[in-house]
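# Results of the structural survey
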Amino acid sequence: MKTTIRRFQEMARLLDEHPNVQLHSFHFFPPLAADQLQQLEDQTGLRMPAAVREFYSQTNGLQLHWSFGNAWPKTSTDNPVLQWENLPEADGLIFFPPIEEVLTKDWAEQIYFDWMEEESPLRVHSSTYPLLDFSKRIRPFDCFGQEHDMAFFIDRQGYWQVVMGEDQHHFYNHSRLTDFESYLEFLLASKGHVASRIHFYRDEQGLRRPRLKTPAAYWNEQNSLSLDQAILETNFQMATQLGRSTSDIQQPLLQQRARQQQVVGPKEWQIILDNHQLFLQSGGAGGSWKPLLVNGLVIGLYEGAEVKAGMQAQLEYRRLPDEAGFRETDLPYANLCGLHAQGVDFSTSNLSHCLFTDALLESAKFEHACLRQTDFSRARLQAANFRYADLRGADFENSDLRQADFRFANLDGARFPGARLEGVLR
């Protein structure tokens, strides 16, 4: 079985060999023996989790620094070059200082929340912590830039959780909590990519949400960082960032629900269109979508519009006839979450501001369609046709776009974190 450090070495080798990556430095350090770890625990009164002990028994620290492109000269690998005080801006950065520094440094003088004076305590899962108490439980162990770090949060039960800090150790309350083993697997899957860390772990309600578990079995080709996609960044914004975790979403349940629905027939379709036009004419346009996760199922909540007549199109987990023609459909602001519409022709349609999350749209045609601000998160769009489409501000997070055609499409402001883009045409 490969050790964690062996896996990091192989990752660094792949970075070094990639033509679109410049590896500036990679270092690991002499490990700590069992008695040294025990002495540190006795000194601090802290008991390390097994995963933490195992890591530092392989290397007492880790450093990795890389960037896309090959414009910078390589840094000598003879000596460590990264220090707390001069961490560089980088596309990829890992900086684990020695565990003694992590656990014995006086962080209380450096961790000061701008919101420390707030009266209400901070809620972590079902427990609450006065802000000063919370700050004293923080131990930064991976600084990946001047502004961001990952830190141990040691709760009252002695459980070591991992939380992301922002603004130079000043802000930790907008992060998902995870565990150290999951975080190491994330680093290996993301290859230490800085922007992916921020996107993956940042969540305004993160401290209250369940701990994010991402073991080795979680990572696959789709949700690991593809270095080959880096070159697509100029055309597909955020293509090199990992999408947010989808482990809470039960994809088989979504598909099963849609398969159980009857196919939308011509008469029902016309009723839906007529009611939706009344909905738009009576003030339904202009709202925004808030996808919600309920028992593993994604549903769409529409907010911000006051409607006096008509009914918004609700095609959530419905089925359209395969290969059917729905050209020139006027259906903006519709709920199409989980829609089954393989091969359907939506060419020249107005589907702007729609919710297409988790939809099955393989080989669908959107040529010349208006899709501004439409959310295609996690949709299956293999071989879809987006030629000449208006995709300004569209969201393709974690969608499958292999062999999709984007030639002549307007992608201003469209975002693609975690999207599969192999074989796309642009």
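Scroll up a little and you will see the structure.
Rules and cut-offs
Residues numbered from 1 in each chain as written. Predicted model: local features only at pLDDT ≥ 70, side-chain atom pairs only at ≥ 80, totals over all residues. Heavy atoms only, no water. Helix = DSSP H or I, 4+ residues; strand = E, 2+ residues; numbered from the N terminus. Contact = heavy atoms within 4.5 Å. Areas by Shrake-Rupley, 256 points an atom, 1.4 Å probe, with all protein chains shown as cover. Buried < 20%, exposed > 50% of the residue type's maximum accessible area, 1.4 Å probe, protein only. Disulfide = S-S within 2.5 Å. Pairing = 2+ DSSP bridges. Axes fitted to C-alpha atoms, helices over the stretch in contact; angles between N-to-C directions. Salt bridge = Lys/Arg side-chain N within 4 Å of Asp/Glu carboxyl O.

## Focus: the overall build of the protein
Within the protein one finds 9 helices and 10 strands. For the protein, the proportion of contacts with a sequence separation of at least 24, taken over those separated by at least 6, is 51%. For the protein, the accessible surface area stands at approximately 19,400 Å², while carbon and sulfur atoms represent 48% of it.

## What about helix H7 (residues 194-201)?
With respect to burial, H7 is a largely interior element, 6 of its 8 residues being buried. Of the residues making up H7, those classed as buried are Val 194, Ser 196, Arg 197, His 199, Phe 200 and Tyr 201. Summarising the contacts, the buried residues of H7 are in contact with strand S3 (92-96), strand S6 (138-143), strand S7 (149-154), strand S8 (160-165) and helix H6 (180-190).

## Observations regarding the state of the cysteines
Counting across every chain of the model gives 0 disulfides. Cys 370 supplies the cysteine sulfur nearest to Cys 354, a cysteine that is in no disulfide, at a spacing of 9.5 Å.

## Overview of the pairing of S3
For S3, a buried count of 5 out of 5 residues is recorded, marking the element as mostly surrounded by other parts of the structure. Going residue by residue along S3, you find Gly 92, Ile 94 and Phe 96 tucked away on one face and Leu 93 and Phe 95 tucked away on the opposite face as well. As paired strands, strand S2 (residues 62-68) and S3 are joined by 5 bridges and run antiparallel to one another. Paired with Trp 66 across the bridge in S3 is Gly 92.

## Re the sheet that holds S6
The 3 strands are arranged S6-S7-S8 in an open sheet whose pairing can be described as antiparallel. This sheet does not close on itself; its edge strands, each paired only once, are S6 and S8. Between one strand axis and the next, the sheet turns by 30° as a mean value, whatever way the strands run. Where S7 meets S8, 6 bridges bridge the pair, whose relative direction is antiparallel. The residue bridging Ala 151 from the neighbouring strand is Val 163, located in S8.

## Section: the pattern of salt bridges
Working definition: two side chains of opposite charge can pair if their charged atoms are close together. Taken as a whole, this structure holds 23 salt bridges when the rule is applied. Of the charged contacts, one joins Glu 41 and Arg 53 as a salt bridge, the two residues approaching to 3.1 Å between their closest N and O atoms. Of the two residues, Glu 41 sits in helix H2 (residues 34-44) while Arg 53 sits in helix H3 (residues 50-56), which places them 12 residues apart along the sequence. Classification of Arg 53 by relative accessible area gives partly exposed; the value is 23%. For Arg 378, the salt bridge identified is with Asp 358, shortest N-O distance 2.8 Å. Note that Arg 378 is positioned in the segment after strand S10 (297-303) and Asp 358 in the segment after S10, a separation of 20 residues in sequence. Asp 358 gets classed as buried once you look at its relative accessible area, which sits at 6%. What emerges from the salt-bridge pattern is a single network uniting Glu 367, Arg 387, Asp 405 and Arg 407.

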